[in-house]
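# Remarks on the overall topology
Take a look at the letters that make up each chain.
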Amino acid sequence: MRSQVFLVLRTGKKSVLQDSHYYAASETSTSSIFSTFLVTGIPGLEAAHVAISIPFCAMFLITLVGNRTIMTVIWREQTLHAPMYLFLAMLASSDLGLSLSTFPTMLCIFWLDARELPFPACFTQMFFIHTFQDFESAIILAMAFDRYVAISHPLHYSSILNHSVIAKISLTILLRTLTIQVPLPVLLKRLCFCRSNVLSHSYCLHPDIIKLSCSDTKINSMFGLFVLLSTMGFDFLLILLSYVLILKTVLSIASHGGGLKALNTCISHLCAVFLFFTPMICLSMLHRFGPKLPSQVYVTLANVHFLIPPVMNPIVYVVKTKQIRDKILKSYFTKGLEKSHHIYNLNHSKCGSP
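Residues numbered from 1 in each chain as written. Predicted model: local features only at pLDDT ≥ 70, side-chain atom pairs only at ≥ 80, totals over all residues. Heavy atoms only, no water.

A cluster of nonpolar residues, Leu171, Leu174, Leu175, Leu178, Val182 and Val186, forms a patch on the protein surface that exposes about 490 Å² of accessible area. Sort the elements by how many residues they give to the nonpolar patch and helix 6 (residues 163-181) lands first, with four residues. Inspection of the secondary structure assignment puts Leu175 in helix 6. Accessibility expressed as a relative area gives 49% for Leu175, which makes it partly exposed. (Patch = residues over 30% accessible without salt bridge, like charges linked within 9 Å, V, L, I, M, F, W, Y side chains within 5 Å. Areas by Shrake-Rupley, 256 points an atom, 1.4 Å probe, with all protein chains shown as cover. Salt bridge = Lys/Arg side-chain N within 4 Å of Asp/Glu carboxyl O. Helix = DSSP H or I, 4+ residues; strand = E, 2+ residues; numbered from the N terminus. Buried < 20%, exposed > 50% of the residue type's maximum accessible area, 1.4 Å probe, protein only.)

Structure (structure tokens):
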């Protein structure tokens, strides 16, 4: 009898061990069910993707041409190596990086229905999107500080924001962004993805990816929230503080015209703040406190946040900044004259040759 009980206990223990190994193996296998993520176009408009691609392609071309032109003109013109224009060149480079991280994937979906992204490619895209997103936030903050110094301390503007200080600000932005963003894809690699592999956006975003995991994502969610609050949340508060101080300075100016002129120099920057932060705040509020809305609403707000600022920033700054506009017109006008003069000389030499 004792031997039978012992045999049953041994058999039961063995079966429990086998079951535990089975479940461990099945959990391991679930992590390899999917090797790719599927990005999504615009929900409900799949049949019209080719037509929708036309305005997106136009936006991409405007982004590439506009931001590259601003960077080139500021780089070549020594008179534009002032702090305001150097920060503008940094903003243009950030917009260029953000658009190169998002638009190609969307156009591939619209034109080729290429929706599959391997895990490493998706994590890499996510890293660059959020990195350039943080870059842009920090640069907009630096531009707010530039406007504050220019309006509140105009006599000390060049001494406060000299090239050494601008280099230190740029290095700080770079180190802060990389220090915070590098852990995100590293932490994602430990997760298992076994529920679904369909993302709700046309590109890979951190909150979207962790929703698909069947592992414990508490660390990822907490770190993602910390990144959001310590970068864009903190930057937005400092931007608001900068404009409170700017308004205080403007209201203390005796001349009404002088105050309006000072505020007019901030319009382009205020447009950049509005374009970048408004969709992000609306999207965050809807996700946490708003009613459940159709997926098109969230996709549209995300697209506005990531795609519209790189398109509109160069347009706004070229229209509102006379120095930039004049240098661009002068550059292209000079090139046109040189080209026509070269063609004229070639034709004249051919006509004069025996």
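What follows concerns the nonpolar core. Core analysis: the largest hydrophobic core is formed by 62 residues, its most contacted members being Phe56, Ile74, Ile239 and Phe277. Contributing elements (two or more residues each) for this core: helix 2 (49-76), helix 3 (83-112), helix 4 (119-152), helix 6, helix 9 (218-251), helix 11 (267-288), helix 12 (295-320) and helix 13 (322-352). Aside from chain neighbours lying at most four places away, what touches Ile239 is Ile140, Leu141, Ala144, Val273 and Phe277. By size, the runner-up hydrophobic cluster in this structure holds 18 residues, among which are Phe37, Leu117, Phe193 and Ile210. (Core = buried A, V, L, I, M, F, W, Y, C linked by side-chain atoms within 4.5 Å. Contact = heavy atoms within 4.5 Å.)

Looking now at the confidence of the model for the protein. Close reading of the predicted structure is inappropriate where its pLDDT is low. The share of residues in the protein with pLDDT of 70 or more is 83%, and the mean pLDDT across the chain is 83. A low-confidence stretch, residues 1-32 stays under pLDDT 50, and its non-local contacts, those more than four residues away or across chains, total four contacts. (pLDDT = per-residue confidence, 0-100.)

The subject of this paragraph is helix 3. The end-to-end C-alpha distance of helix 3, which contains 30 residues, comes to 43 Å, matching closely the 44 Å that a straight helix rising 1.5 Å per residue would cover. Within helix 3, the axis deviates most sharply at Leu100, by approximately 30 degrees, and proline Pro104 lies no more than four positions further along. Counting buried positions along helix 3 gives 22 out of 30 residues, so the element sits mostly inside the fold. (Expected span 1.5 Å × (residues − 1). Bend = angle between axes of the 7 residues up to and from the residue.)

Here we take up helix 9. Taking 1.5 Å per residue as the helical rise, helix 9 with its 34 residues ought to reach 50 Å, and the 48 Å between its terminal C-alpha atoms agrees with that figure. The axis of helix 9 is deflected most strongly, by about 30 degrees, at Leu229. Looking only at helix 9, the buried set comprises Asn220, Gly224, Val227, Thr231, Met232, Asp235, Ile239, Ser242, Tyr243, Ile246, Thr249 and Val250.

To continue, consider the side chain of Gln125. Within the element layout of this structure, Gln125 appears in helix 4. Judged by relative accessible area, which is 10%, Gln125 ranks as buried.

Another aspect to go through is the packing of aromatic side chains. Scanning all chains against the criterion turns up 15 aromatic pairs. Ring centres 4.9 Å apart and planes at 85 degrees place the aromatic pair Phe276 and Phe277 in the edge-to-face group. Both residues of the pair, Phe276 and Phe277, count as buried. Taken together, the ring pairs in this structure connect Phe37, Phe119, Phe123 and Phe193 into an aromatic cluster. (Phe/Tyr/Trp six-rings, centres within 6.5 Å; stacked < 30°, edge-to-face > 60°.)

Counting across every chain of the model gives two disulfides. The side chain of Cys122 participates in a disulfide bridge whose partner is Cys204; the two sulfur atoms lie 1.9 Å from each other. In this structure the cystine formed by Cys122 and Cys204 twists about its S-S bond by roughly -120 degrees; its chirality is therefore left-handed. Residue Cys122 is located in helix 4, and its partner Cys204 is located in the loop between helix 7 (183-188) and helix 8 (206-210); the two are separated by 82 residues in the primary sequence. Residue classification places Cys122 among the buried positions, given a relative accessible area of 0%. Here Cys204 falls in the buried class, since its relative accessible area comes to 0%. The connectivity of the disulfide-linked cysteines in the protein, indexed sequentially, is 1-3, 2-4. Of all cysteine sulfurs in the structure, the one in Cys214 sits closest to Cys192, which takes part in no disulfide; the separation is 5.4 Å. Overall, the relative accessible area of 18% leaves Cys192 in the buried class. (Disulfide = S-S within 2.5 Å.)

On to the pattern of salt bridges, then. Taken as a whole, this structure holds four salt bridges when the rule is applied. Taking the shortest distance from any N to any O, the salt bridge between Glu77 and Lys327 comes out at 3.7 Å. Of this pair, Glu77 sits in the loop between helix 2 and helix 3 while Lys327 sits in helix 13, and the two are 250 residues apart along the sequence. For Glu77, a relative accessible area of 24% gives the class partly exposed.

This brings us to the side chain of Thr231. With respect to the secondary-structure elements, Thr231 resides in helix 9. With residues near it in sequence (within four places) discarded, Thr231 still touches Asp134, Ser137, Arg176 and Ile180.

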